[in-house]
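Below, each chain spelled out in residue letters.
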Amino acid sequence: GVLEGKDLEGVRRRLLEKYPPKVARKRDKQIVVNRVGEDGSVPVVMSNVRTVPGLISQRGCCYAGCKGVVLGPTRDIVNITHGPVGCGFYSWLTRRNQTDPDSSPDGHNFMTYCFTTDMQDEEIIFGGEKKLRLAIQEAYDNFKPKAIAVFSTCPVGLIGDDVHAVCREMKEKLGINVFGFSCEGYKGVSQSAGHHIANNGIFTHVVGTDDAVPEGDFKINLLGEYNIGGDAFEIERIFEACGLTLVATYSGNSSIEHFARSHTADLNLIMCHRSINYVAEMMETKFGLPWIKVNFIGAAATAKSLRKIAAYFDDPALSERVEAVIAAELPAVEAEAAAVRPRTEGKRAMLFVGGSRAHHYQELFAELGMKTLSAGYEFAHRDDYEGRRVLPDIKVDADSRNIQELEVHPDPERYRPRVDAQRAETLAAKGVDFADYAGMMPEMPAGALVIDDISHHETEKMIALFKPDIFCAGIKEKYVIQKHGIPLKQLHSYDYGGPYAGFKGAINFYQEIDRMVNSRVWGYLKAPWQKNPELAAKYAFE
Ligand code: CFN
Ligand code: HCA
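In this text, all values refer to a predicted model and were calculated from it rather than measured experimentally.

> Pulling in residues and values, what's your account of the state of the cysteines?
The final tally for this structure, using the stated rule, is zero disulfides. Left unpaired, Cys 61 is separated from the closest cysteine sulfur, that of Cys 154, by 6.3 Å. We classify Cys 61 as partly exposed; its relative accessible area is 28%. Summary of cysteine pairing: Cys 472 is not part of a disulfide, and the nearest cysteine sulfur, belonging to Cys 272, is at 17 Å.

This is the structure:
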């Protein structure tokens, strides 16, 4: 098996043995050994459940998912964090979502600013609506933005400020789009609830407000791509070369104007399903826009995704251009992989990240001849693990719109009814699965250990048991892991690197992983007392 002949049940026991019985019973359902049936079925991993208090989790909060993740990367909305200063400050560009100032002809790029109401004791006690009103006014006076969005942090919900009423009032007064999100950090069990709230809000307040159809024969939206380390720039480069017209990206280097007309595209491509599937579902229901999953992490995955898009449009000229782009790009990538592979072949990785990258990055490691011993998401749901469609199973707040309540657009001439049956048949005939709900586990080897919402304790056990050659996670894990002498690659912020998407990104990734897994520095990481018995003895008695 992948886990090097280790007794897998024994490994699971070792991870759980220190826990009190009730905790062990819960974690037991979130740690499974992968098996893949002939029909692609995999075991159930319990996910999207509350973390046991006291366990050190990698997870973030609802506000992080809404403001930090989904809407933070939009450059021309003034995003105001309503709360004490920390939430706004810590979600200010730490994710390394990039913008291209040249793509804002009006000069609107507010990414370099951090907007917050900076609530004090006075607002917590007497209410913060007045300060929020002033903040919106001040932002408007200084920047004259097209839109202002307000994001609630924990205390806002606790004291009951009505951010939506303030937004409505200011929208009326200023004559620009002003809308709020009840994304208090404590809602739900992770960032995931925040994704949902962001999706519902942007759909309700922005999508479909501009009916002007952009020019282009093959109009697409790219959903769930946030331009971390410039990934979206590389994907845009490839789309352009292929002759695909990108209407909107949700939400790397995005503009509110792109969202407003995104319903006029022909096809939605979903890169990170977890964070944005709700927008895709709602666009499909209301405007008849079909969606397919893509993955631009890995050269082979990129080529496969481009071919899938071409198959969807079923146009010989497009297919020809796509093939030409793949043929032009692949040789350089393959040459680099071949150069690096003798040094990376057989090395072992573990990936514990978010809700899609722990899956997508396995492609890049496979291209390096490396194997994934163990992987897991922080906050993904069963469909992201199993690759099957299961209904959204998280509770959202009352002001969020439920997708089931949506009606189709009143103009069926203009917007196709939900899922064009004929097109689905055409695709099936070409062997393209229209509803390809690929997930992590069906694409992982049997015997790999899948761990949902891994705890710090389990992380240390996994390190001690397997000594992987590289561990992929985030900033909170990084230095703890490295002190064990194992390099940690941040798959959130990419450390200081990137892009890793597309063809050029793959080359960057190969080179960086080669440097990391082959650096001799990790062998020198013993602390003085680990090398010197006298020191060890001294500290033992102090
Ligand atoms: S950029 Fe995305 S790809 S949006 Fe999501 S699930 Fe986070 S911020 Mo960190 S890196 Fe991560 Fe994914 Fe989608 Fe990023 S794996 S945890 S909420 N994520
Ligand atoms: C978030 C954002 C985060 C955190 C990354 C990390 C990101 O979830 O709040 O823990 O290093 O990608 O910036 O996921």
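Still more to cover.
> Explain the sheet that holds strand E14 (residues 488-490) residue by residue, including any values.
Backbone-to-backbone hydrogen bonds join strands into a sheet, with any given pair of strands oriented parallel or antiparallel. Pairing in this open sheet of six strands is mixed, and the strands run E1-E12-E11-E10-E13-E14 from one edge to the other. Only two strands of the sheet have a single partner each, and these edge strands are strand E1 (31-33) and E14. Here the average twist between neighbouring strands, direction ignored, is 20°. As paired elements, strand E10 (residues 348-352) and strand E13 (residues 470-473) share three bridges and run parallel to each other. Across the sheet, the residue bridging to Ala 349 is Ile 470, located in E13. Running over the sheet, helix H1 (residues 8-16) touches E1 and strand E12 (449-451) and is turned about 170° from E1.

> Give me the site of ligand 1: which residues, what numbers.
Ligand 1 sits among 13 residues. The nearest are Arg 95, His 195, Cys 272, Ser 356 and His 492. Partitioning the shell around ligand 1 into residue classes produces five nonpolar, six polar and two charged.

> Describe in detail the packing of helix H9 (residues 191-205) against helix H12 (residues 273-287), supporting the description with residues and values.
Their axes nearest at 7 Å, the elements H9 and H12 cross at an angle of 30°. If you check the angle between H9 and H12, you find them roughly parallel. Like other packed secondary-structure pairs, H9 and H12 cross with a definite hand, here right-handed. Two secondary-structure elements touch here, H9 through Ser 192, His 195, His 196, Asn 199, Asn 200, Ile 202 and Phe 203 and H12 through Arg 274, Ser 275, Ile 276, Asn 277, Tyr 278, Val 279, Met 282, Met 283, Lys 286 and Phe 287. Each residue belonging to the contact of H9 with H12 can be placed in one class, and the counts come to eight nonpolar, seven polar and two charged.

> Quick rundown of the pattern of salt bridges? Include the residues and the values.
A side chain with one charge may pair with a side chain of the opposite charge, provided their charged atoms come close. Per the counting criterion, the structure on display carries 24 salt bridges. With its nearest N and O atoms 2.8 Å apart, the salt bridge here joins Glu 323 to Arg 307. Of this pair, Glu 323 sits in helix H14 (residues 316-344) while Arg 307 sits in helix H13 (residues 299-313), placing them 16 residues apart in sequence. Residue Glu 323 is classed as partly exposed on the basis of its relative accessible area, which comes to 36%.

What counts and how
Residues numbered from 1 in each chain as written. Chains lettered and ligands numbered in written order. Predicted model: local features only at pLDDT ≥ 70, side-chain atom pairs only at ≥ 80, totals over all residues. Heavy atoms only, no water. Disulfide = S-S within 2.5 Å. Buried < 20%, exposed > 50% of the residue type's maximum accessible area, 1.4 Å probe, protein only. Pairing = 2+ DSSP bridges. Helix = DSSP H or I, 4+ residues; strand = E, 2+ residues; numbered from the N terminus. Axes fitted to C-alpha atoms, helices over the stretch in contact; angles between N-to-C directions. Contact = heavy atoms within 4.5 Å. Near = heavy atom within 4 Å. Nonpolar A, V, L, I, M, F, W, Y, C, P; charged D, E, K, R; others polar. Parallel < 35°, antiparallel > 145°, perpendicular 65-115°, else oblique. Left-handed = near helix turned anticlockwise from the far one by under 90°. Salt bridge = Lys/Arg side-chain N within 4 Å of Asp/Glu carboxyl O.

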